[in-house]
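Overview (structure and organization)
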Amino acid sequence: MDWLFVGITAVIAMIALGNWRAALYACVLLDVLRDPARKLTEQQSSITTVAVGLVWLAALAGAMNQNRRELALLVRRYPQLRTSLICLVIALAPGMLVSLVNYNNGWILAAIGTASYSAPFIGVALGYLWPRRIDDVYRWMKLYTVVNALFLVGSLLEVLEWDVPGLGGLKMKWIRNYGADIINLICGFYRSPDIMGLHAAHVMMFGGMIAIRPQQRFKWAWWSVVGWASIALILCGRRKMIVIPLLFIVTYIVLFAVFNGRRRLAVSFSLIAGVCLFGTYFVADEFVAENEYARFASTIASEGLERASRSFTEIIFTTVNQSGWLGDGLGTVTQGRQYMGVVTQGKDWQEDGVGRLFKELGVPGVIGMLVSGALLLAAIRSSFFAIPSGHPVSSL
């Protein structure tokens, strides 16, 4: 099964070199199929998960090869992008050197770490080149939303303990102890609660954007999808994923108000918040005994500030004390590195976030990354203010 999936992915990757726009639609389907395909194999090899990256790389290569002039124009228009990319390379250099020196096959860690930190620039390039009209963007979001909304059914099937192949985690059961509660973190057809929560959050955000589009038909159906995704989001049991749509709503309203000053948007997203709250109530009362999921999700408000404060103090100091000022090397705590057969040193307890930055890049690398990120945000800000007021693309 795994090599069949890899073979199909390789064929699509070759097609992507010529028709990279079609490949981006195929990536949506491959992304949701790779986890159940991996679970159905005896070894559950990580090659099934990694293989989809080949299609993205092939699409990027095809896009860059066919649109060299457009990319050159992008860099000339926003010179901060070039400087940001240079700062990124400088920021990754110390961590890359540490991995190459300290570990056998350390180049593998350096490669997956570099790919992870380069993702924003890949997104900027493909996002700039791909849409030829605004409908292209909405068409892709609709495909993503519908496909993942269907696969999120696995979350409900897992809660109901249905014996369906492809449900649950990879050779493990995810739980979290919180007070007197033992919370089962639901994966559904995805490989982990984090991945399911991330997709559920994106379904909510994309579904909401589609629903508030003035000319969109069947708005009630898209609002229903948003509500359904909110249920799956609560069931994943990952608070950092639950926060994503909330931050998105606030950011979207602020940005839209800057460009348009419309009250209708605030009303629309208030409706999203109401649907999310209804989803939480529905899960608590109908599907979950003793409301443990709802209780845990509600701690975002009571513990969120404390956790954020601890992330920027205790986690940073502990990581620097354990790993030193240069860190333990690029890729040492990047997701997926545990399947690459490279033995790292020290305790790899950091998750994605500020702890991972100091662990992999060290203090010099973090400083370079901050500069790179600031320049990238400056380029994005410049592009926002280049959009005429009231232009259809401003809603995106």
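Residues numbered from 1 in each chain as written. Predicted model: local features only at pLDDT ≥ 70, side-chain atom pairs only at ≥ 80, totals over all residues. Heavy atoms only, no water.

1. Some details on the packing of aromatic side chains
- With the rule as written, the count across this model stands at five aromatic pairs.
- With centroids separated by 5.8 Å and ring planes inclined at 70°, the aromatic side chains of Y25 and W130 adopt a geometry described as edge-to-face. One end of the pair, Y25, is in helix 2 (residues 20-39); the other, W130, is in the loop between helix 6 (106-129) and helix 7 (134-151), with 105 residues separating them in the sequence.
- Ring geometry for W140 against Y144: centres 5.6 Å apart, planes inclined by 25°, an arrangement best described as stacked. Taken together, the positions of W140 and Y144, both in helix 7 and four residues apart, correspond to about one turn of that helix.
- Among the residues examined, W140 registers a relative accessible area of 17% and is labelled buried.
- Its relative accessible area of 9% is what places Y144 among the buried residues.
- Through pairs of rings, three or more aromatic residues link up here, namely W140, Y144 and F206. (Phe/Tyr/Trp six-rings, centres within 6.5 Å; stacked < 30°, edge-to-face > 60°. Helix = DSSP H or I, 4+ residues; strand = E, 2+ residues; numbered from the N terminus. Buried < 20%, exposed > 50% of the residue type's maximum accessible area, 1.4 Å probe, protein only.)

2. Brief notes about the side chain of N67
- Here N67 shows up in the loop between helix 3 (47-66) and helix 4 (68-77).
- Take N67: its relative accessible area is 10%, and that puts it in the buried class.
- In this structure, N67 is in contact with W20 and L129, ignoring residues within four places of it in sequence. (Contact = heavy atoms within 4.5 Å.)

3. Topic: the nonpolar core
- Counting 77 residues, the largest nonpolar core has W20, W140 and L152 as the members making the most contacts within it.
- Ranked by the residues each element gives to this core, the list is headed by helix 10 (residues 219-236), at eleven residues.
- What W20 contacts, discounting residues up to four positions off in sequence, is A59, G62, A63, Q66, N67, L126, L129 and W130. (Core = buried A, V, L, I, M, F, W, Y, C linked by side-chain atoms within 4.5 Å.)

4. Focus: unusual backbone geometry
- Of note in the backbone geometry, E161 takes a positive phi value of approximately 60° without being a glycine.
- Summarising the element assignment, E161 is placed in the loop between helix 8 (153-159) and strand 1 (175-178).
- Accessibility expressed as a relative area gives 69% for E161, which makes it exposed.
- If you check the backbone angles, F218 has positive phi at about 55° while not being a glycine.
- With respect to the element layout, F218 can be found in the loop between helix 9 (193-211) and helix 10.

Nothing here speaks to function; it is all geometry.
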